[in-house]
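Here is what each chain is made of, one letter per residue.
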Amino acid sequence: ILTKDELNIEATGIVNSFEIVNETYTDDIVEVTIRADIFPKEKQCYSADYKKTLLLTQSHIVRREQANIGQIYSIDQEVVAQLSKHLDAQSRYISPKIHHKNSVEFSRLSNNYQDNQIKKLSVALADNTASQFILFSKITDISIEATKSNNWQLWQAPDKNRHFNFSVYLYDGINGEIIFDKHYRSTTLWDFDSRDNIDPASQRFWQSKYGIKINQLLKDISLDIDEILMCQPTQGQIVAIEDKQLFINLGSRHGVNVGDEFSLIANTQFKAQNGKNYNALNISPYKVKVIRTNRDSATVISVDDKPLGNIQINDLVVRQ
């Protein structure tokens, strides 16, 4: 008879997530094995208190003809949707949102090494969606390879392994600089008939061996992104100015509370001799405090009611 159900966790770091892997019952002893994602103390940081808004754009299938088997052409949308769910459920530092456009544009620009145009695209997307970071991605390989499961049973249909190679590119929406890119690879059994049409949004797909393998890969990706962004400073932008009040695009969804204080940073751009645009950030002597919060915005005023000087829309606020 279970008389008490209690779970205690003690760790010398931040427990980001954990899951039960196995339970074993022997007489009156229960052994539980867990898998935990723990950041050590040296990776803790002051910036981790606020969530950063991450915009996920629709992925791009590099070789769309590879989607013919199974007719899984919508896998580009569904993979991003699943990644967003993992980030929303697991991440302590990210507030994800999905944007289903501009993936093809990013793929074309990256193939042509147009880094300056990618910067402009990232900044424009961040401005239009009130996001701090932008995630682009490519599905680089979903091809099938046939392998025989048993050489002595040649009448059997060969097993079919299917690849899923996925590349992610994380950009800072304030200055358009890339801060992380990584290429992930996996291969597992494609347990469907080659003539079946499979809907990537269906449970049939995600409960298959291939779908489960992709899901595990997406979990790993979400943890990688979470760790990369954990100590990135949370930056908001001034979106409106009214008398002595400023309105910023950070709110309760990001962890902002009444009374929090921010520093102001003037955000300007300059063009170098090579024609590329760069951001110049000048720290302002002014500080502001939050007097009111909404889900996605907050109202701030000057600390000690001091005048804010030449503060403009699109200037930045960072946490004290």
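Refer to the structure printed above.
Procedures and definitions
Residues numbered from 1 in each chain as written. Predicted model: local features only at pLDDT ≥ 70, side-chain atom pairs only at ≥ 80, totals over all residues. Heavy atoms only, no water. Helix = DSSP H or I, 4+ residues; strand = E, 2+ residues; numbered from the N terminus. Buried < 20%, exposed > 50% of the residue type's maximum accessible area, 1.4 Å probe, protein only. Contact = heavy atoms within 4.5 Å. Areas by Shrake-Rupley, 256 points an atom, 1.4 Å probe, with all protein chains shown as cover. 1 Å grid on protein atoms, 1.4 Å probe; cavity = no way out; pocket = protein on both sides within 12 Å on 5 of 7 lines; lining within 4 Å. Points joined across faces, edges and corners; volume = space filled by probe spheres on them. Nonpolar A, V, L, I, M, F, W, Y, C, P; charged D, E, K, R; others polar. Pairing = 2+ DSSP bridges. Patch = residues over 30% accessible without salt bridge, like charges linked within 9 Å, V, L, I, M, F, W, Y side chains within 5 Å. Salt bridge = Lys/Arg side-chain N within 4 Å of Asp/Glu carboxyl O. Expected span 1.5 Å × (residues − 1). Core = buried A, V, L, I, M, F, W, Y, C linked by side-chain atoms within 4.5 Å. Polar contact = N/O pair within 3.5 Å; in protein donor to acceptor, adjacent residues only side chain to side chain.

So, on to the overall build of the chain. Along its length, the chain carries 5 helices and 15 strands. Across the 320 residues of the chain, 42% fall into the buried class. Restricting to contacts in the chain with at least 6 residues of sequence separation, those with at least 24 account for 67%. Carbon and sulfur atoms provide 46% of the accessible area of the chain, an area that totals close to 17,800 Å².

Our focus in this paragraph is empty space enclosed by the protein. Applying the stated criterion to the full structure yields 1 cavity of 30 Å³ or more. Here the largest cavity defines a volume of roughly 80 Å³. In terms of lining, the largest cavity is formed by 14 residues, of which the most central are A130, S131, Q132, Q235 and N249. When its residues are assigned to classes, the lining of the largest cavity shows 3 nonpolar, 9 polar and 2 charged.

Further remarks concern the pairing of strand 11 (residues 245-248). Burial of strand 11 is one-sided: the residues L246 and I248 facing one way are buried, the residues Q245 and F247 facing the other way are not. Examined bridge by bridge, strand 10 (residues 235-242) and strand 11 share 4 bridges and lie antiparallel to one another. Within the sheet, the bridge partner assigned to E242 lies in strand 11 and is Q245. As consecutive antiparallel partners, strand 10 and strand 11 are separated by 2 residues, and within that stretch D243 has a phi angle of approximately 55°, a positive value. Here strand 11 pairs with strand 14 (residues 298-302) via 4 bridges, running antiparallel.

Glancing now at a nonpolar patch on the surface. A cluster of nonpolar side chains, namely L7, F18, I20, Y25, V30, V32 and I34, defines an oily patch on the protein surface of about 720 Å² accessible area. Secondary structure elements with two or more residues in the nonpolar patch: strand 1 (13-26) and strand 2 (29-40). With respect to the secondary-structure elements, I20 resides in strand 1.

If a strand is regular, its side chains alternate between the two faces of the sheet. Here strand 8 (residues 159-172) lies mainly inside the structure; 12 of its 14 residues are buried. Bridge analysis of strand 6 (residues 133-141) against strand 8 gives 8 bridges, and the strand direction is antiparallel. By the bridge assignment, S137 is partnered in strand 8 with V168. Adjacent in sequence and paired antiparallel, strand 8 and strand 9 (residues 178-189) are bridged by 5 residues, among which G176 carries a positive phi angle near 80°.

Moving on, we come to helix 3 (residues 115-129). Helix length check: helix 3, at 15 residues, gives a terminal C-alpha distance of 21 Å against a target of 21 Å (1.5 Å per residue), a fit within 8%. Taken as a whole, helix 3 has its buried residues at N116, I118, K119, L121, S122, V123, L125, A126 and T129. Phi turns positive one or two residues past the end of helix 3, at A130, with a value near 55°.

What follows covers the nonpolar core. Among the nonpolar cores identified, the biggest contains 33 residues, and L54, I75, F164 and I221 are the most heavily contacted of them. Contributions of two or more residues to this core are made by strand 3 (52-57), helix 1 (75-90), strand 6, strand 8, strand 9, helix 4 (203-206) and helix 5 (209-230). In terms of residue count, the dominant contributor to this core is helix 5 (7 residues). Those residues in contact with I221, other than ones at most four positions away along the chain, are L83, F166, V168 and Y184. Within the second largest apolar cluster, 15 residues are counted, among which are L246, L264, V288 and L308.

Here Q132 shows up in the loop between helix 3 and strand 6. In terms of polar contacts, Q132 uses its side chain to reach the backbone amide nitrogen of Q235, at 3.1 Å. Ignoring anything within four residues of it in the chain, the contact list for Q132 reads K52, T53, Y171, D172, G173, I174, P233, T234 and Q235.

Geometry only, nothing functional implied.
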